[in-house]
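Listed below, chain by chain, are the residues.
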Amino acid sequence: MIKLPSKLPNLLLTLLIGIVGGIGAEQLAVPLPWLLGPLATTAITSVAGIKTSSSKHVLAPARTFLGVAIGASFTPALLERIDEMAFSLAFIPIYLAVLALIGFPFFHRICKFDKPTAYYSTMPGGLPDMIAFGAAAGADVRVLSIVQATRAFAVVVILPLFLSLALGIEFSRGQSVGSHWADIPLREELLIQTCAFGGWFIAGILRIKGATIIGPMLAAAVMSMTGLISHRPPVEIMIIAQLIVGISIGCRYAGSDRRTIMIAAGAAVGFCILIFMLAATFAGMISVFGNIDFLDTILAYAPGGQAEMTLLAIIVGADAAFVSLHHVCRVFIVVIGAPIAQRYL
């Protein structure tokens, strides 16, 4: 008899909850329906006590295609923006320093978090890394997980609203993120899959941080720059990727009591408003003095996850390569620098 994985029923239930959220959001013409819909329904059911679950074995393949989508944005025309990118990237360390000077006192003095929890709640790095570093430093892992998850949640909700109200960007129902499967030549479909899984495999062997995105991104960038591919992954795959990423964020609320969720999530939302204002300030300054499109800079400096911000960049027609490079740089600096700086608290 074949023994099924013990988490399978919860995974299937969570997937169903996510699909219902995506369909409902699409019918209501919600921006990014297949990201925000599953995220909202999964988060709500998790808080309500329903046992939801996500799996890295499902999330990782979805992230590989996001990596390919980023890499396919690297074209010879991107080389013309090297000066712009260098100018903008130079401000990331300054942005992170200011963010830390605002965030740590906010969480420690106002929200009354202990120092390790306050510090790693402030850091806009990858959630698994910040939780691991926080646990090693003695932080409250439950609170830290909720704060970091809420940051990702809040940015994904706030940013589309900001883009719609401030920049007039319309998120129409059925908004495409690329070509449909049937419209992409078979040769390119095979190359896209090779970039996704081959790039992930090689990056994993080389122990590259964020191998699921970085490996496929680099592989697709080479193929795009050499003209071997000219399409992003098909719409159907990108919708599945949005669904899985949305579910993975919503599931982070599972297993915590409601009081902890309310306190930590409330603190996180307050902090998100502060850092979004900071990100908009830096983005506006860089846009003016660097003569760079504000849409690119606000997406590059928004304190959301790399996967979510890249999806949003692709959907609104921003330069996904420009945006992704900034988030890779930000996460790299945080992962390397955060544990070192924490010693001086």
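Look up a bit, the structure's there.
About the criteria used
- Residues numbered from 1 in each chain as written.
- Predicted model: local features only at pLDDT ≥ 70, side-chain atom pairs only at ≥ 80, totals over all residues.
- Heavy atoms only, no water.
- Phe/Tyr/Trp six-rings, centres within 6.5 Å; stacked < 30°, edge-to-face > 60°.
- Buried < 20%, exposed > 50% of the residue type's maximum accessible area, 1.4 Å probe, protein only.
- Helix = DSSP H or I, 4+ residues; strand = E, 2+ residues; numbered from the N terminus.
- Contact = heavy atoms within 4.5 Å.
- Axes fitted to C-alpha atoms, helices over the stretch in contact; angles between N-to-C directions.
- Parallel < 35°, antiparallel > 145°, perpendicular 65-115°, else oblique.
- Left-handed = near helix turned anticlockwise from the far one by under 90°.
- Nonpolar A, V, L, I, M, F, W, Y, C, P; charged D, E, K, R; others polar.
- Core = buried A, V, L, I, M, F, W, Y, C linked by side-chain atoms within 4.5 Å.

A. The packing of aromatic side chains, seen in detail. Per the stated rule, a full pass over the model turns up 13 aromatic pairs. Connected via pairs of aromatic rings, a cluster forms that spans Phe106, Phe107, Phe113 and Phe271.

B. Examining helix 6 (residues 115–122) more closely. Burial of helix 6 is extensive: seven of the eight residues sit out of reach of the surface. Within helix 6 the residues assigned to the buried category are Pro116, Thr117, Ala118, Tyr119, Tyr120, Ser121 and Thr122.

C. Up close: the side chain of serine 88. With respect to the helices and strands, serine 88 occurs in helix 4 (residues 82–89). If we skip the residues at most four places from it in the chain, serine 88 touches Ile286, Ile292, Tyr301, Phe322 and His326.

D. Structural context of the packing of helix 8 (residues 141–167) against helix 14 (residues 306–316). Two elements in contact, helix 8 and helix 14, have axes whose closest approach is 11 Å; the angle formed by their N-to-C orientations is 25 degrees. In terms of orientation, helix 8 lies roughly parallel with respect to helix 14. Judged by the sense of rotation from one axis to the other, the crossing of helix 8 with helix 14 is right-handed. Across the interface between the two elements, Val155, Val156, Leu159, Pro160 and Leu163 from helix 8 touch Glu308, Met309, Leu312 and Val316 from helix 14.

E. Region of the structure containing the packing of helix 6 against helix 8. At a minimum axis distance of 9 Å, the contact between helix 6 and helix 8 shows a crossing angle of 20 degrees. Considering their axes alone, helix 6 and helix 8 lie roughly parallel with respect to each other. Here helix 6 runs over helix 8; the crossing is right-handed. Together, Thr117, Tyr120 and Ser121 of helix 6 and Val143, Leu144, Val147 and Gln148 of helix 8 make up the contact between the two elements. Grouping the amino acids of the contact of helix 6 with helix 8 by side-chain chemistry returns four nonpolar, three polar and no charged.

F. Region of interest: the nonpolar core. In this structure, Tyr95, Phe107, Leu159, Leu163, Leu299, Tyr301 and Val316 are the most contacted members of the largest nonpolar core, which totals 87 residues. Apart from the residues lying within four places of it in its own chain, the contact partners of phenylalanine 107 are Lys112, Phe113, Ala118, Ser121, Thr122, Val147, Ala267, Ala268 and Phe271.

G. Structural context of the environment of isoleucine 169. Among the secondary structure elements, isoleucine 169 is positioned in the loop between helix 8 and helix 9 (186–205). Accessibility expressed as a relative area gives 16% for isoleucine 169, which makes it buried. In contact with isoleucine 169, other than residues within four places in its own chain, are Leu163, Ser164, Leu295 and Val316.

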